[in-house]
Amino acid sequence: MEKTEWRRKRVVLVPYPFQGHITPMLQLGSVLHSHCFSITVLQTNFNSLDPSDHPSFTFLTLPDGLEGLDVSLNNLLNVMSVMNANCEAPFEEHMTRMLGEEDGGEVACIIYDPFMKFVDIVADKLKVPTMQLKVNPAAYTHSMVIFLQLLQQKLIPLPESSDLNVLVPEAYPLRYKDFLMPVTQGIPEPVVEFIQTNTNVQSNAAVIWNSVESLDHWPLQQLQQRWSIPFFPVGPLHKSAQPLQTSLIKEDKACLSWLDRQSPNSVLFVSLGSLSVMDEEELINMAWGIAKSEQPFLWVLPPNLLNGSDPIDTLPQEFKEMTRERGCTVKWAPQKKVLAHTAVGGFLTHCGWNSTLEVLCEGVPLICRPSFGDHMVISRYITQEWKVGIAVEVKTEDGYERAIRTLMASEEGKMIKQRAVNL
Ligand code: UDP
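Attention in this report is confined to the structure presented alongside it.

Procedures and definitions
- Residues numbered from 1 in each chain as written.
- Predicted model: local features only at pLDDT ≥ 70, side-chain atom pairs only at ≥ 80, totals over all residues.
- Heavy atoms only, no water.
- Near = heavy atom within 4 Å.
- Polar contact = N/O pair within 3.5 Å; in protein donor to acceptor, adjacent residues only side chain to side chain.
- Helix = DSSP H or I, 4+ residues; strand = E, 2+ residues; numbered from the N terminus.
- Contact = heavy atoms within 4.5 Å.
- Pairing = 2+ DSSP bridges.
- Axes fitted to C-alpha atoms, helices over the stretch in contact; angles between N-to-C directions.
- Expected span 1.5 Å × (residues − 1).
- Buried < 20%, exposed > 50% of the residue type's maximum accessible area, 1.4 Å probe, protein only.
- Parallel < 35°, antiparallel > 145°, perpendicular 65-115°, else oblique.
- Left-handed = near helix turned anticlockwise from the far one by under 90°.
- Nonpolar A, V, L, I, M, F, W, Y, C, P; charged D, E, K, R; others polar.

## A short note on the site of the ligand
Step number 1: Taken together, 15 residues are adjacent to the ligand, and Ser274, Ala333, Asn354, Ser355 and Glu358 come closest.
Step number 2: Ala333 has a polar backbone atom sitting 2.6 Å from a nitrogen atom of the ligand.
Step number 3: One of the backbone N or O atoms of Trp353 is found 3.5 Å from an oxygen atom in the ligand.
Step number 4: Mapped onto the shell around the ligand, the elements with two or more residues apiece are α1 (19–34) and α13 (353–360).

## As for the side chain of Thr383
Step number 1: Checked against the element boundaries, Thr383 lands in helix α14 (residues 375–385).
Step number 2: Non-local contacts of Thr383, meaning those with residues more than four positions away in its chain, are made with Cys368, Gly389, Ile390 and Ala391.

## Focus: the sheet that holds strand β12 (residues 366–368)
Step number 1: Reading across from one edge, β10-β9-β8-β11-β12-β13 is the order of the six strands in this open sheet, with parallel pairing throughout. Strand pairing shows two members of the sheet lacking a second neighbour, β10 (327–330) and β13 (389–391), which therefore form its edges. Strand-to-strand twist across the sheet, computed as the mean angle between neighbouring axes with direction ignored, equals 15°.
Step number 2: Examined bridge by bridge, strand β9 (residues 297–300) and β10 share four bridges and lie parallel to one another.

## Quick look at helix α15 (residues 397–408)
Step number 1: Here α15 is twelve residues long and its end C-alpha atoms lie 16 Å apart, about the 16 Å a rise of 1.5 Å per residue gives.
Step number 2: Residues Gly399, Tyr400, Glu401, Ala403, Ile404, Thr406, Leu407 and Met408 constitute the buried set of α15.
Step number 3: Turning to α15, the residues buried within the fold contact β8 (267–271), α9 (280–293), β11 (344–349), β12, β13 and α16 (411–422).

## As for the packing of helix α4 (residues 138–152) against helix α6 (residues 217–226)
Step number 1: Across the interface, α4 lies against α6 with an axial gap of 8 Å and an inter-helix angle of 55°. Between α4 and α6, the crossing angle belongs to the class labelled oblique. Handedness of the α4/α6 crossing: left-handed. Contacts between α4 and α6 involve Ala138, Ala139, Thr141, His142, Val145, Ile146 and Gln149 from the first element and Trp218, Pro219, Leu220, Gln222, Leu223 and Arg226 from the second.
Step number 2: Among the residues making up the contact of α4 with α6, the classes are represented as eight nonpolar, four polar and one charged.

## Thoughts on the sheet that holds strand β7 (residues 231–233)
Step number 1: Spatial ordering of the open sheet is given by β3-β2-β1-β4-β5-β6-β7, a layout of seven strands whose pairing is parallel. Of all the strands in the sheet, just β3 (57–62) and β7 have a single pairing partner and so form its edges. Adjacent strand axes in the sheet meet at a mean angle of 25°, parallel and antiparallel pairs treated alike.
Step number 2: Pairing of strand β1 (residues 9–14) with strand β4 (residues 107–112) involves five bridges; the strand directions are parallel. Bridging from a neighbouring strand, Val12 pairs with Ile110 of β4.

Encoded structure:
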């Protein structure tokens, strides 16, 4: 007999409202829905999805108080704190009502992003079990555990003159420079709190990882020894979920027809995700590096990349003319389809975890240009552990040109490509 909605147990999802966090949470929702749970998503006003794109989910709103606040990368800790302060009361109201409903389905649990700390407070009060969804690799969480440990042991900050290329013994293959914060400086209290939030799972029934046991084995094992709750590394979620519309920026699908006209494995796809920023000097260096490499390219330049002026307008006219025949620029691409396209032969990336999982599934080799957060850890795994990519060594014109030529047009590049396919 077919299971009807009213018999389904309800799972409440609370994503952190940024692209790289919303997508995997909704993908998990899709997987759970296909296993007969009903899904209620509590989303902030900021970066909210259109419920009509997800008819099988119920959406409720959390007023976040973020109107008018600077939501750029350098203010994210503040954004997080404002959101946590404002969302707690409305979340409690929604949960209390849901728990009192007779026909809405029993609430099985809340699955939340660890940045949404208020969930834990309310769930504890209302005695609803919770699980965290980690949208980063365990290698990153483990690096933060080690970072905190070094801080507590007063082994960091290191002296200014320290060589940060040295390996961290407890976190192989990471170097001191791969931690989320520079280790030769004092660590501000809000950052310590951020790390503590990310490494605290004590009140949770389990941790769900959008990660893969075989890629993230050692860090998962290390964390499992510390945290005695079940782990579910169920990634890559984009492979088990139904295709979902979770883009916060409109995708420019015309680039797919442009790709159709390119030769197999010839195009470098360039995208630094939804939050990374760079200065104008680096943008120009990157442009000339791409131009001088003489490779066809598809380049995503979202409006927030320069933290001000439009990056596409900022590109030099001479660059645009020189690359008109072999280049395509867009504000936002249908990335998963792009990476799966036979014309794409390489990916210059910021090493966001979603992008990394997506590209690994397509066997495309990478050029790493990490920005912040978990990117340095992921870049290190890509280049040193899985050996499916190279890093941009210097962010100059020559540095970009060299990296692109190595990946796209050298014997070394062919070997890296083969390893990416094998992986
Ligand atoms: N993405 C996309 N189109 C683009 C660039 C990115 O659809 O032009 C998607 C990408 O497929 C991924 C997400 O945005 O799912 C970015 O997440 P990631 O964790 O890689 O980076 P973040 O944006 O969080 O830094």
